[in-house]
Amino acid sequence: INENDVVTGGPTQGTRVFTDNDRLSALLASGADADGLALLTDVEAVYTKPPDQPGAERIKVYRPDATVEIGEKSTMGRGGMASKIAAARVAALGGVHTCVAGGFDIGNIKKGFSG
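Note that the structure is a prediction, hence the values are computed from the model and not measured.

Basis of the calculations
Residues numbered from 1 in each chain as written. Predicted model: local features only at pLDDT ≥ 70, side-chain atom pairs only at ≥ 80, totals over all residues. Heavy atoms only, no water. Core = buried A, V, L, I, M, F, W, Y, C linked by side-chain atoms within 4.5 Å. Buried < 20%, exposed > 50% of the residue type's maximum accessible area, 1.4 Å probe, protein only. Helix = DSSP H or I, 4+ residues; strand = E, 2+ residues; numbered from the N terminus. Salt bridge = Lys/Arg side-chain N within 4 Å of Asp/Glu carboxyl O. Axes fitted to C-alpha atoms, helices over the stretch in contact; angles between N-to-C directions. Parallel < 35°, antiparallel > 145°, perpendicular 65-115°, else oblique. Contact = heavy atoms within 4.5 Å. Nonpolar A, V, L, I, M, F, W, Y, C, P; charged D, E, K, R; others polar. Expected span 1.5 Å × (residues − 1).

Visitor: Which parts of the structure should I look at to understand the nonpolar core?
Guide: Soluble globular proteins tend to pack their nonpolar side chains together in the buried interior. Membership of the largest hydrophobic core comes to 14 residues, with the highest contact counts inside it found for Ala26, Leu37, Leu39 and Val46. Only helix 1 (21-31), strand 1 (36-41) and helix 2 (80-93) provide two or more residues apiece to this core. Examining the composition of this core, we find that six residues originate from one element, helix 2, more than from any other.

See the structure below:
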């Protein structure tokens, strides 16, 4: 399912129902009572600030009180890391274990599904 397909109204149908695929997948995973959700991105994980900046630290387990400085959005998507974090929160509230991982490494996908 992709939010820019039939699930979202176009310009002639009014405003968008979903803002990005991250949120759509989180809502779908929560509604389907999924065990897990992998949100793939062009960086390896969630960092305290953009990973190319000095002092950026990888966040292994995200906590609601974590401080994350959001950088520029990727040219490949609409939501960026802020969208990933918001979607992960939605999924977690729905009881879905969620990981944010780099989508360029197939090993990350295997890790996500193996626990």
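Visitor: What is the right way to read the pattern of salt bridges from this model?
Guide: Where side chains of opposite charge bring their charged atoms close, a pairing between them can arise. Counted under the stated rule, the structure contains one salt bridge. As a salt-bridge pair, Lys84 and Asp22 come within 2.9 Å of each other at their nearest N and O atoms. Remark: Asp22 occurs in helix 1 and Lys84 occurs in helix 2; sequence separation between them is 62 residues. Just as Lys84 is buried, Asp22 falls in that class too.

Visitor: When you look at the environment of Glu72 in this model, what are you seeing that I'm missing?
Guide: Note on placement: Glu72 falls in the loop between strand 1 and helix 2. Between the alpha carbons of Glu72 and Pro50 there is a distance of 8.3 Å; along the sequence they are 22 residues apart.

Visitor: Sorry, what's going on with the environment of Arg63 here?
Guide: Residue position: Arg63 is located in the loop between strand 1 and helix 2. When the C-alpha positions of Arg63 and Arg89 are compared, they lie 9.6 Å apart, and in sequence the two are 26 residues distant.

Visitor: Explain the packing of helix 1 against helix 2 to me, please; I cannot follow it from the model alone.
Guide: In helix packing, the relevant descriptors are the interaxial angle and the interaxial distance, both defined with respect to the helix axes. Packing of helix 1 against helix 2 brings their axes to within 8 Å, and their N-to-C directions diverge by 10 degrees. If you check the angle between helix 1 and helix 2, you find them roughly parallel. Between helix 1 and helix 2, the contacting residues are Asp22, Arg23, Ala26, Leu27 and Ser30 on the first element and Gly80, Ser83, Lys84, Ala87, Val90 and Ala91 on the second. In terms of residue class, the contact of helix 1 with helix 2 is made up of five nonpolar, three polar and three charged.

Visitor: Just checking my understanding: could you explain helix 2 for this structure?
Guide: Residues spaced three or four apart along an α-helix face the same direction, because each turn holds 3.6 residues. An ideal rise of 1.5 Å per residue puts 20 Å on 14 residues; helix 2 measures up with 20 Å between its terminal C-alpha atoms. Buried within helix 2 are the following residues: Met81, Ser83, Lys84, Ile85, Ala87, Ala88, Val90 and Ala91. Where helix 2 is buried, its residues contact helix 1, strand 1 and strand 2 (97-102). Following helix 2 by one or two positions, Gly95 adopts a phi angle in the positive range, close to 80 degrees.

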